[in-house]
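A closer look at the structure
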Amino acid sequence: MTNRLKLFFSPRNNALFAAALLLSVVPIWLTPYLPLVDIPEHAAQVASMHELWNGNFDSHFISGCQRLWNGNTLFTGTFQIHWFTPYLLGYLLLFVVSTVLPMLAATKVVVSAALMAVPWLTGLLLREVGGDQRLKWLAIPASYSVAFYWGFMVFVVAIPVALAFLLLTVRFERNATLRNGVGIALYSIVLFFSHLIALGVGSLLALTYLLAKNFRSPRRLVLCALPYTAPLPLIALWTARIYATDPSVQHAPLVFGSLRERLLTLFTQLAGLDQFAFLVSLLMASTIMLAPLLFGYRFTKRPERWLLLVVGAAVYFTFPSYAQDAALLYQRLGVFLIPLWLLVWDPPARPHPAFGFLVGLALVSWLTVNSVRFHDFGREAQSFDTALRRIEPGGRVASLVMCDSSHFFSKPVYWHFPVWYQAVSHGVVDVSFAASYQSMVRYRDENAPRIRAGVMARPKNFSWPRDAGANYDYFLVCADNDESAAVFKEHVDSVSLLGRYGTWWLYKNLDPQSSLSLASRQAE
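These lines cover the structure that appears in this document, whether it is placed above or below. (Residues numbered from 1 in each chain as written. Predicted model: local features only at pLDDT ≥ 70, side-chain atom pairs only at ≥ 80, totals over all residues. Heavy atoms only, no water.)

A surface patch of nonpolar side chains, about 350 Å² in accessible area, is lined by Trp29, Val100, Leu101 and Val109. Its relative accessible area of 41% is what places Trp29 among the partly exposed residues. (Patch = residues over 30% accessible without salt bridge, like charges linked within 9 Å, V, L, I, M, F, W, Y side chains within 5 Å. Areas by Shrake-Rupley, 256 points an atom, 1.4 Å probe, with all protein chains shown as cover. Salt bridge = Lys/Arg side-chain N within 4 Å of Asp/Glu carboxyl O. Buried < 20%, exposed > 50% of the residue type's maximum accessible area, 1.4 Å probe, protein only.)

Comment: phi is negative for the bulk of residues other than glycine, and the bulk of peptide bonds are trans. For the bond from Asp430 to Val431, the omega torsion is 20 degrees, close enough to zero to count as cis. Mapped onto the elements of the fold, Val431 is located in the loop between β9 (428-430) and β10 (441-443). Positioned with a positive phi, Gln324 is a non-glycine residue whose angle comes to about 50 degrees. Relative to the helices and strands, Gln324 resides in the loop between β5 (322-323) and β6 (326-327). The partly exposed category is assigned to Gln324, whose relative accessible area is 30%. The phi dihedral of Asp325 is positive, around 60 degrees, even though this residue is not glycine. Within the secondary structure layout, Asp325 lies in the loop between β5 and β6. (Helix = DSSP H or I, 4+ residues; strand = E, 2+ residues; numbered from the N terminus.)

Where helix α3 (residues 39-52) contacts helix α5 (residues 88-97), the axes come no closer than 9 Å and their chain directions differ by 60 degrees. Classed by the angle they form, the pair α3 and α5 counts as oblique. Two packed elements cross with a definite hand, and for α3 against α5 that hand is right-handed. Of the residues in α5, those touching α3 at His42, Ala43, Gln45, Val46, Met49 and His50 are Tyr91, Leu92, Leu94 and Phe95. Of the residues belonging to the contact of α3 with α5, the class tally is 7 nonpolar, 3 polar and no charged. (Axes fitted to C-alpha atoms, helices over the stretch in contact; angles between N-to-C directions. Parallel < 35°, antiparallel > 145°, perpendicular 65-115°, else oblique. Left-handed = near helix turned anticlockwise from the far one by under 90°. Contact = heavy atoms within 4.5 Å. Nonpolar A, V, L, I, M, F, W, Y, C, P; charged D, E, K, R; others polar.)

The space that makes up the second largest pocket amounts to roughly 390 Å³. Contributing to the lining of the second largest pocket are 17 residues, with Ala20, Trp137, Gly360, Leu363 and Val364 lying nearest its centre. For the lining of the second largest pocket, the elements supplying multiple residues, two or more each, are α2 (14-24) and α18 (354-380). It is α18 that provides the largest number of residues to the lining of the second largest pocket, a total of 8 residues. (1 Å grid on protein atoms, 1.4 Å probe; cavity = no way out; pocket = protein on both sides within 12 Å on 5 of 7 lines; lining within 4 Å. Points joined across faces, edges and corners; volume = space filled by probe spheres on them.)

Here it is, written out as structure tokens:
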């Protein structure tokens with residue numbers, strides 16, 4: 001019996017590892033609304049695709065947009081779909097899953113699968129390069145990445161796609177046939193449509209591996225590298241297009257950030273806890289960094305393994321934080337450093353029995369803290385759910401958020417929370433990612449008067465005539481106190497407070513000009 005228990009609780013037990021992967025995503029199922037900053041916007045993008053995708057359409061792939069007919073008129077008159085974007089895969093996956101599941105559940109399914117794939121692929125990589133597969137357990141917290149907490153759903157989905165690209169490269173280098181080369185070329189195009197940053201990181205790591213294995217054979221190196229050029233025309237076309245059409249990209253500054261910020265971000269990435277629960281974060285980060293040293297692992301002498309870590313770290317510490325109107329760039333890359341760190345260690349001559357105990361203790365502590373705070377956030381968000389249910393479906397809602405923080409997360413998790421209305425209630429919310437060049441669903445008229453991002457973050461700057469207040473049926477405000485006089489100013493009599501729900505204040509426009517209000521009047 002003792003031997004059976006040892007085998008069952010062994011880090012080499014794949015069934016136990018699979019169970020651990022399932023347990024690792026339990027926290028995100030303990031709250032109805034995910035506390036991930038941008039996730040409501042991504043869910044709203046896909047919900048908008050469902051509203052538009054109803055009937056015949058004419059396709060203009062070269063122009064990158066598609067006009068759809070016979071859908072929800074509120075959406076067909078407001079939005080259009082841009083198919084040529086390197087952020088396609090995550091949206092399409094969520095679109096497919098949300099055809100059979102409600103949007104809230106579908107979002108969790110897609111995110112859960114992406115999270116579990118990171119440590120699973122880390123294990124496959126360790127096996128392919130001759131590392132110790134037991135180290136894959138240390139990659140479980142890494143899936144709760146900086147990108148995850150910021151709600152970058154498309155990038156979260158692209159992380160395992162990029163890791164799989166490196167795995168395929170290891171196999172391709174071992175058997176570099178024409179057929180396998182074509183497969184790499186096609187997969188690199190898939191990675192382009194997953195996320196441009198993921199393509200860049202995945203390709204750089206793949207070419208680094210090829211270089212380390214073939215630096216003594218330049219001809220073979222060049223031949224093996226050729227399939228990786230397949231996405232270059234797509235990259236050139238995309239880059240030229242956004243620089244020609246999007247002023248925000250043309251004039252965007254380049255910001256790098258300090259070394260201290262990079263180290264702090266890397267610490268939170270190791271811990272998987274976004275600057276929360278410092279002692280548990282320290283335990284988890286220390287376990288990942290020190291366990292190989294404490295338990296007799298040896299630093300590999302194989303350059304194709306340690307050079308990956310060197311290149312990955314170099315990119316992390318030199319990549320900008322902001323460029324081309326995109327933020328938190330290098331912060332997203334820390335998730336790749338954990339698998340690369342685990343790849344550089346050769347197994348010890350004799351496995352230490354305390355390894356499994358220490359790793360298990362750290363993971364149980366991490367999972368407990370995450371489960372408790374996700375659950376508590378779900379209770380905190382009940383007031384928002386109550387407010388959301390008071391809003392009639394199919395309307396137009398203005399999002400005005402003064403209090404974006406939670407007691408349980410360090411990120412501004414409520415920043416885009418009102419956009420859940422667009423994701424689940426067939427209505428439209430401003431501010432929206434439809435104003436962003438990276439999005440699939442974009443505004444037809446980008447210059448039409450509406451609430452912009454600057455007003456959403458500073459609601460007291462709201463101007464009824466400039467921001468088209470008359471076009472909204474409801475105003476959902478997050479504030480500690482009633483700020484209606486400061487927000488609506490001389491038009492305060494144009495709205496009526498429907499109720500306060502925690503920090504959420506729901507106001508109804510008394511004379512809206514939206515399609516919902518016009519339809520209601522016609523019905524009367």
